[in-house]
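Chain by chain, the residues run as shown.
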Amino acid sequence: MPEHTHVLFVEDDDVIREATQLALERDGFAVTAMPDGLSGLAAFRADRPDIALLDVMVPGLDGVSLCRRIRDESTVPVIMLSARADSIDVVLGLEAGADDYVTKPFDGAVLVARIRAVLRRFGHAGHPAGGGTDASAGSDGVLTFGELEVDTDGMEVRRAGQPVALTPTEMRLLLEFSGAPGTVLSRDKLLERVWDYGWGGDTRVVDVHVQRLRQKIGQDRIETVRGFGYKLRG
């Protein structure tokens, strides 16, 4: 992780905002803290932070809408914060383009660990964490699955010859699948390899990201194996 990684933190509760900012700064992060979505969007555009930490329920422009606006302009990692673990909050945030979420109240050390995990996988988006192989790739490092092409060297994806824009998390997920086509990967294994959750985590994160990936590379390309996980059709 780069020294003084810049975090944009959007939170309307003064106590939580100030306490979390202090905790993050003690861990070496540079923090821009904003109380609402509109000021958060302005700060994002002005400062271009390394990661955005967004509360779901903030005034002006809610966290989910802010995440969508950020995702329209950037692939910067986004973590959503929610006071509830309700499925609708989690799924809306992830569908908007968030890479992970944390439920409040949260422990400061846990939050820092999650931020660093996201930054690690963004810093190594081109390397599957589980040791997937590109042995089936051609000499140019391109894996082909029907009309889908995955350039493992250039970190580019094309579908029917057209470029496909993936976030780093989506790219890592696709690399795991393409490194073992036809092999069923469980949700827990994907959480460990892509999200760096050695301790386990919420499998809804996997499900929503798989659905987002399907929308970009083809609904039938990734098959659900009920009760086990997912696999890429070769």
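Residues numbered from 1 in each chain as written. Predicted model: local features only at pLDDT ≥ 70, side-chain atom pairs only at ≥ 80, totals over all residues. Heavy atoms only, no water.

**Student:** Help me understand the overall build of the protein, please; the structure alone is not making it clear to me.
**Tutor:** Of the regular secondary structure elements, the protein holds eight helices and eleven strands. By residue count, 47% of the 234 residues in the protein fall in the buried class. The contacts in the protein between residues at least 6 apart in sequence include a share of 59% that link residues at least 24 apart. Roughly 10,600 Å² of accessible area belongs to the protein as shown, and the carbon and sulfur atoms make up 50% of that amount. (Helix = DSSP H or I, 4+ residues; strand = E, 2+ residues; numbered from the N terminus. Buried < 20%, exposed > 50% of the residue type's maximum accessible area, 1.4 Å probe, protein only. Contact = heavy atoms within 4.5 Å. Areas by Shrake-Rupley, 256 points an atom, 1.4 Å probe, with all protein chains shown as cover.)

**Student:** How do you make sense of the sheet that holds strand S3 (residues 51-55) when you look at a structure like this?
**Tutor:** Backbone-to-backbone hydrogen bonds pair the strands of a sheet. The strands run either parallel or antiparallel. An order of S2-S1-S3-S4-S5 is seen for the five strands of this open sheet, with the pairing classed as parallel. This sheet does not close on itself; its edge strands, each paired only once, are strand S2 (30-34) and strand S5 (100-103). Taken pair by pair, the neighbouring strands of this sheet meet at an average axis angle of 20°, ignoring direction. Two strands pair when backbone bridges link them, and strand S1 (residues 6-10) and S2 are joined in this way by five bridges, in the parallel orientation. Residue His 6 lies in a different strand from S2, and its bridge partner there is Ala 30. Running over the sheet, helix H2 (residues 37-47) touches S1 and S2 and is turned about 165° from S1. Helix-sheet contacts for helix H5 (residues 108-123) involve S3, strand S4 (78-82) and S5, and the interaxial angle to S5 is about 180°. (Pairing = 2+ DSSP bridges. Axes fitted to C-alpha atoms, helices over the stretch in contact; angles between N-to-C directions.)

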